[in-house]
Amino acid sequence: MSEWNLLTLVGADRPGIVSRVTRVICELGCNLGEASMIRLGGNFTIMMMVSGEQPDEALLAALAPVAEEMDLRIHLDPSHGGLHHHLVPNYQVRVVGADRAGIVADVTEILASRGFNILELESDVAGELDRPVYIMSIQGYCGDTLESLDAALAPLRERDVSVDVSPVDVLIG
Amino acid sequence: MAILEILKLPDERLKQVSEPVESFGQDLRDFIADLEETRQAGPAAVGIAAPQVGRFQRIVILDVSTRPKTPNNGYLVLINPEIVHWEGYAMGREGCLSVPDYTGNVIRATQIRLKAHDAEGGLHEYAMEGFEARAAQHEIDHLDGLLFVDRVVSRRTDLYRRKVYKS
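As the structure is a prediction and not an experimental result, all values here were calculated from the model.

Calculation notes
Residues numbered from 1 in each chain as written. Chains lettered and ligands numbered in written order. Predicted model: local features only at pLDDT ≥ 70, side-chain atom pairs only at ≥ 80, totals over all residues. Heavy atoms only, no water. Pairing = 2+ DSSP bridges. Helix = DSSP H or I, 4+ residues; strand = E, 2+ residues; numbered from the N terminus. UniProt positions renumbered as here; feature names shortened; annotations may be inferred. Contact = heavy atoms within 4.5 Å. Polar contact = N/O pair within 3.5 Å; in protein donor to acceptor, adjacent residues only side chain to side chain. Core = buried A, V, L, I, M, F, W, Y, C linked by side-chain atoms within 4.5 Å. Buried < 20%, exposed > 50% of the residue type's maximum accessible area, 1.4 Å probe, protein only. Arc of directions from axis to C-beta. Buried area = accessible area lost by both parts, 1.4 Å probe. Salt bridge = Lys/Arg side-chain N within 4 Å of Asp/Glu carboxyl O. Nonpolar A, V, L, I, M, F, W, Y, C, P; charged D, E, K, R; others polar. Phe/Tyr/Trp six-rings, centres within 6.5 Å; stacked < 30°, edge-to-face > 60°. Lys NZ or Arg CZ within 6 Å of the ring centre and 35° of its normal.

Asks: Can you walk me through the pairing of strand E3 (residues 76-87) of chain B in this structure?
Replies: In summary, the side chains of a regular strand alternate between the two faces of the sheet. Examined bridge by bridge, strand E2 (residues 59-62) of chain B and E3(B) share four bridges and lie antiparallel to one another. Bridge pairing in E3(B) places B:Ile61 opposite B:Val77.

Here it is as structure tokens:
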């Protein structure tokens, strides 16, 4: 039994998923840590840290009725809590381009080659049905200067992808 | 001189609305010296407000002058500050001495004008932009019992400057 678990739930989006799932977890005496919950392509997806007061089997057994009723798929991974160790991004990268294969790989390969650590990546497909536009926002940490990061990404601009790097200035007050 | 204790979330006192300063005496200047020492002792804060150390008076210290390429008015003591003009808005990431280990995105006006007294009671008007304007709004919020966590917007809400997309 580990200190924390990473619980993943995915199912067709409908109202009430979060409240039902979190009530079950609460009644088991487990705590929630960091969580990401978002609608993706008609599914509702939940990834959250759940404290390990209960054995994995007990957690899964308690969630089974809700999962069955709401048609959710469940996955549980043991995990270190790692709470209270937030990494703060120093760069924001925004990418907008006509939707085409490989756009994410192209951008992130360049970032990885500069040692850029992605802390958060969100992307959406927008635009008209027949002319989709891919929009991606990345926040992360990189030891490189803004100029060298920008220069590394420059080749993408020749391929009709708009890439914008800007510093994330964190104000402490 | 002393380093004062910083109140931290979820301390209810951080929600208290602070009172205007009415006497500009030595006691006020001594407190400002302690407040500045406390700001300097922490993790690179560009501002601090009196209620963060449990003194519920409308006193703010602001100093973004040490940051590169940041327009600023220098080291400022703002007593009874009042924002008299707002313009533009932008999202930016903020953290706070009173909220350890959390940063979040907050929308703030990009240009402000504010009136405030100095430690001797003299009245000044300042024009601020960008980072300094953001810092002033963050600190003045403390005087009204607000923390940046009360204003955090979704990280997905992209209100950063946008580029025109060439199709």
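Asks: Explanation requested: the UniProt feature "binding site: Fe cation" (unreviewed entry) in chain B in the structure shown.
Replies: Per the UniProt record, "binding site: Fe cation" (unreviewed entry) is annotated on B:Cys96, B:His138 and B:His142. These annotated residues cover 47 residues of sequence, and their C-alpha atoms all fall within 10.4 Å of one another, placing them together at a single site. Take B:His138: it is sitting in helix H2 (residues 130-143). Leave out the neighbours within four places in its chain, and B:His138 touches A:Leu171, A:Gly173, B:Glu94, B:Gly95, B:Cys96, B:Arg108 and B:Phe148. Among the polar contacts made by the side chain of B:His138, one reaches the main-chain carbonyl oxygen of A:Gly173 at a distance of 3.4 Å. Assignment of secondary structure puts B:His142 in helix H2. The contact partners of B:His142, leaving out residues within four places of it in the chain, are A:Gly173, B:Gln16, B:Ala49, B:Pro51, B:Gln52, B:Cys96, B:Ser98 and B:Leu147.

Asks: I keep staring at the nonpolar core and nothing clicks. Help me out?
Replies: The tendency in soluble globular proteins is for nonpolar side chains to be buried side by side. All names here are of chain B. Ranked by size, the top nonpolar core spans 21 residues in total, and within it Leu62, Leu78, Ile112, Leu114, Tyr126 and Met128 carry the most contacts. Among the secondary structure elements, those contributing two or more residues to this core are E2, E3, strand E6 (111-117), strand E7 (123-129) and H2. No other element matches the six residues that H2 contributes to this core.

Asks: So what exactly am I meant to see when it comes to helix H1 (residues 17-27) of chain A here?
Replies: Side chains that are three or four residues apart share a direction in an α-helix, a result of its 3.6 residues per turn. Residue and element names in this part refer to chain A. Taken together, the buried positions of H1 are Ile17, Val21, Val24 and Ile25. End-on, the buried residues of H1 take up no more than an arc of 100°, which puts them together on one face. Turned more than 90 degrees off the buried face of H1, the exposed positions are Arg23 and Glu27. Where H1 is buried, its residues contact strand E1 (4-12), strand E2 (32-40), strand E3 (43-51), helix H2 (56-70) and strand E4 (72-79).

Asks: For this particular structure, what's the right way to read the UniProt feature "domain: ACT" (unreviewed entry) in chain A?
Replies: Residues and elements named next belong to chain A. As annotated in UniProt, the feature "domain: ACT" (unreviewed entry) corresponds to residues 6-79 and 92-170 in the numbering used here. From the first C-alpha to the last, residues 6-79 spans 6 Å; its make-up is 35% helix and 45% strand. What you have in residues 92-170 is 29% helix and 48% strand, and the ends, taken at the C-alpha atoms, are 12 Å apart.

Asks: How should the interface of chain B and chain A be read in this particular structure?
Replies: Much of the literature gives interface size as the accessible area that the parts lose upon coming together. Listed as interface residues are 29 residues of chain B and, on the opposing side, 28 residues of chain A. Summing both sides of the interface, chain B and chain A together bury roughly 2300 Å²; the carbon and sulfur share of this comes to 49%. At the junction of chain B and chain A, the tally comes to one salt bridge. Residue B:Arg67 pairs with A:Asp169 through a salt bridge whose shortest N-O separation is 3.1 Å. Remark: the boundary between chain B and chain A carries nine residue pairs in polar contact (both at pLDDT 80 or more). Listing elements by their share of the side of chain B that touches chain A, those giving two or more residues are strand E4 (90-96), strand E5 (99-108) and H2 of chain B. Among the elements that make up the side of chain B that touches chain A, the one with the highest residue count is H2(B) (six residues). Here the side of chain B that touches chain A is built from residues that sort into ten nonpolar, eight polar and eleven charged.

Asks: What exactly am I supposed to notice about the packing of aromatic side chains here?
Replies: Here the distance between the centres and the angle between the planes together describe a pair of aromatic rings. All names here are of chain B. Applying the stated criterion across every chain, the model contains one aromatic pair over all chains. Between tyrosine 102 and phenylalanine 148 the ring centres are 6.1 Å apart and the planes differ by 20°, which places this aromatic pair in the stacked class. Of this pair, tyrosine 102 sits in strand E5 while phenylalanine 148 is found in the loop between H2 and strand E8 (152-153), placing the two residues 46 residues apart along the sequence. Look at tyrosine 102 and you get partly exposed, because its relative accessible area is 31%. Its relative accessible area of 1% is what places phenylalanine 148 among the buried residues. Stacked on the ring of phenylalanine 131, the Lys or Arg arginine 67 has its end atom at 3.6 Å from the ring centre.

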